[in-house]
Amino acid sequence: MTFETSRRGFLRGATAAGAALVIGLRPDGALAARLGDAATLNPFVKISPDGAVTVIIKHFEMGQGTTTGLATLVAEELDASWEQVKFEYAPADNERYANLLFGAQGTGGSTAMANSFMQYRKAGAAARTVLIQAAAEAWGSDPAAITITDGMISDGSNETGFGDMVTAAAAIPLPEDPPVKDPADFRLIGRETLQRKDTPDKINGTATFAMDIQLPDMVTAVILRAPKFGGKLTSFDATGAEDMRGFVDAKALPDGSGVAVYASSTWAAFQARDAISAEWDFSEAETRSTPEINEALLGLVRADPEYVARAEADTAAQEAIAAADQVIEAEFLLPALAHAPMEPLTCTIEPTETGVRVHDGCQFPAIAHPTIAGVLELDPAVVEIRTLYAGGSFGRRANPAADYHMQAAMAFALTDRSAPVKLVWSREDDLKGGFYRPMAAHRARIGLASDGTIVGWDHRIATKSIFKGTTMAEWVVHDGVDHASVEGIADTVYALPNLTVGLSDFQTQVPVLWWRSVGHSHTAYVMESLIDMAAEAVGQDPVAYRLSLLEGGTPDQARLAGVIRRASEEAGWSEPLPMGWSRGVAAHKSFETFVAHVVEVSTDADGAVRIERVVSAVDCGVPVNPDVIRAQIEGGTGFGIGAVMRNQITFSDGEVDQWNFPDYEPLRMGDIGRIDVHVIPSTEAPTGVGEPGVPSAGPALANAIAAATGLRAKTLPMAENGVTFAA
């Protein structure tokens, strides 16, 4: 069962129905335990008198499995039974619940497991240590003779559950550095079958998503936005909505971005919004159409780059390419993409006695919390965030502008603040007025020697920077280069002599954001397409050619080669295929995880393509929950393939053309015949899997199609290249 709580609620719960043992961190970072009042703690583990173990989850759940993964770490070290373990979300508290890799509370970048692996294991190990010590003192036993198995403490003569030792255990000082298990002793970490903690609630319908929130006297708000990005409201007329059933009010947002329309229900709000007319100032708005934007992007990659992301080989690269026996030149255009999670954005702000309570599938409390407090001019201490399940995100719910939190706060602030206000985005709002994976253009020139080796590589990229101008720029932008624009190429694992990478920032009012796998979503597609083109040009097998570029002996090269070998072996790469069938391969490192895909396609008499099978191999370090890993790689595979098949956001005079799933069609179950995922055993520290399944999936499909039909998709989606898919 899932619980959500505020920090105060958590502390009250610790003393309700008997005292609970709370294990966590003091503000100075040291482990500590407390019985009952835990005001100075940053708790990760709570053990109740009935023996229930509650794991406090600092990363929210949007389907990626964090609630199961972090609970597994604690249960493993505590030797609790899986059935007695519950979870609840941590309250918004940036100081105590920071993502260790961000320095701020938030979920993203496939970092949850990477930053929490030892933190949660140590918390579980600390709880185990004090429980054993308490039992030893109660029974007069040697602590070394006491074992814990499935939540039962025993010395061979005595046996009891956790609850009976809570009071005594809380009085025992925690070890500064509790020993954790040897991996050989794991019984939960790595288990192939371990039921996800969020599955029962989602099956029986008790799981609460942000869109489910219904509160007494609640008013629904929707936003009438400018149809062109960068437009500002000059006036509006709500006369047409005034007599509509359920309509409450309409007010201009103070930042000029639109009109907040209030109604008694979501449908009434949408209907009222459609009846309101508005005038906009488009003097600073994006007014170009897609063909003009594409030409501007291509112009940038055909000119000298604005910044140099990898410069040490620039002169050598140009000389080597000029002297090469064969030169490959190619340009790629990749469209803007929407995140399009199944649950559109929503956020409810409810007044409390001293401040407000925010009901949200909150991905980044470190941004949402101060944003809402700032708009409402409240002390952050009286702004509570109740984190709920989110129906997907793919990056959308976490953005530096905290756009939908800002809108919800403005909409609430414009009322008398006596009733809850629920902001709701429609699917059309999401596609037409959201943030996007930025459009990108690539231009590459590759010099090849007569024996097929690469002698020089000149790569230029043009795209809008995601991080410049945000509070996160210092993490990612160096010497003018937004690394998110060039990641996967400037730092490629392949041994490419004389590699130079240039970058130009494209300027547009269209808002951009990290999209599942961020820059890797376009850099991997181009890089893996080019590697295939080079192998084809010199008549070499694509798998063997990639492996020849990974013989430098670095750990990363060994791991990338490992997933290529595994995926190709499992796919039967060397085995013959039926007439009209082909395979394609691609591999990529992202977020410290290594993934390879082999896609098998067939073509019919008309040349239409059917995806028969996808085989993937993933090396993400210690596989904590193999079933979750497979699910995430399957999902990432479908996400990446669906996007390159048919997805794009296009513009006509600055307005988004797409409006809903009929023209921004998600991948369907019948689009892929079968997906096989193979998890590589590893003793390396665990890394993420939410994003790394995406980058190599699309180019593996593109390479399979090129092998089958001769069509090389350099402009996406694939339909733009004449590729058709069988129904």
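Described in the following lines is the structure provided in the data block. (Residues numbered from 1 in each chain as written. Predicted model: local features only at pLDDT ≥ 70, side-chain atom pairs only at ≥ 80, totals over all residues. Heavy atoms only, no water.)

### As for empty space enclosed by the protein
Then, number 1: The final tally for this structure, using the stated rule, is seven cavities of 30 Å³ or more.
Then, number 2: Volume-wise, the largest cavity comes out at about 120 Å³.
Then, number 3: Every residue lining the largest cavity is counted, 16 residues in all, and those nearest its centre are R437, S521, G640, A643 and V644.
Then, number 4: Elements that contribute at least two residues to the lining of the largest cavity include exactly α14 (520-537), α17 (626-646) and α18 (697-709).
Then, number 5: Ranked by residues supplied to the lining of the largest cavity, first place goes to α17 with three residues.
Then, number 6: Considered as a void within the structure, the second largest cavity measures approximately 80 Å³ in volume.
Then, number 7: Along its surface, the second largest cavity is lined by I293, A336, R437, P438, M439, K464, F506, T508, V510, V512 and F651.
Then, number 8: Across the lining of the second largest cavity, the residue classes tally to eight nonpolar, one polar and two charged. (1 Å grid on protein atoms, 1.4 Å probe; cavity = no way out; pocket = protein on both sides within 12 Å on 5 of 7 lines; lining within 4 Å. Points joined across faces, edges and corners; volume = space filled by probe spheres on them. Helix = DSSP H or I, 4+ residues; strand = E, 2+ residues; numbered from the N terminus. Nonpolar A, V, L, I, M, F, W, Y, C, P; charged D, E, K, R; others polar.)

### Section: the packing of aromatic side chains
Then, number 1: Counted by the stated rule, this structure contains 11 aromatic pairs.
Then, number 2: Between F44 and Y120 the ring centres are 4.8 Å apart and the planes differ by 55°, which places this aromatic pair in the tilted class. Within this pair, whereas F44 is found in strand β4 (residues 42-47), its partner Y120 is found in helix α3 (residues 112-139), the two being separated by 76 residues in sequence. Assigned by exposure class, F44 and Y120 land together as buried.
Then, number 3: Between the aromatic rings of F102 and W475, the centroid separation amounts to 6.0 Å while the plane-to-plane angle is 20°, which identifies the pairing as stacked. Within this pair, whereas F102 is found in the loop between β6 (85-89) and α3, its partner W475 is found in helix α12 (residues 473-476), the two being separated by 373 residues in sequence.
Then, number 4: These aromatic residues form a ring-pair network of at least three members: F87, Y89, F209 and Y389. (Phe/Tyr/Trp six-rings, centres within 6.5 Å; stacked < 30°, edge-to-face > 60°. Buried < 20%, exposed > 50% of the residue type's maximum accessible area, 1.4 Å probe, protein only.)

### Observations concerning unusual backbone geometry
Most peptide bonds adopt trans geometry, and most residues besides glycine take a negative phi value.
Then, number 1: The linkage connecting L716 with the following residue, P717, adopts the cis geometry, with an omega of 0°.
Then, number 2: With respect to the element layout, P717 can be found in the segment after α18.
Then, number 3: Here the phi dihedral of D79 falls at roughly 60°; this positive angle occurs in a residue that is not glycine.
Then, number 4: Looking at the secondary structure, you find D79 in the loop between α2 (66-78) and β6.
Then, number 5: With phi around 50°, A340 is a residue other than glycine that occupies positive phi space.
Then, number 6: Residue placement: A340 occurs in the loop between β17 (337-338) and β18 (346-351).

### Points about the nonpolar core
Then, number 1: Counting 69 residues, the largest nonpolar core has W457, L701 and M718 as the members making the most contacts within it.
Then, number 2: Top contributing element to this core by residue count: α14, with eight residues.
Then, number 3: What M718 contacts, discounting residues up to four positions off in sequence, is Y525, V644, M645, G698, L701, A702, I705, A713, V723 and F725.
Then, number 4: Formed by 52 residues, the second largest nonpolar core is a distinct cluster that contains A127, V130, L188 and I189. (Core = buried A, V, L, I, M, F, W, Y, C linked by side-chain atoms within 4.5 Å. Contact = heavy atoms within 4.5 Å.)

### Some details on the layout of surface pockets
Then, number 1: What the second largest pocket holds in volume is close to 1,100 Å³.
Then, number 2: In this structure, the second largest pocket is lined by 42 residues; those nearest its centre are F229, G230, G433, F435 and P511.
Then, number 3: Elements supplying a minimum of two residues to the lining of the second largest pocket: β10 (219-225), α10 (403-413), α11 (427-433) and β32 (655-656).
Then, number 4: When grouped by side-chain class, the residues that make up the lining of the second largest pocket number 19 nonpolar, 10 polar and 13 charged.

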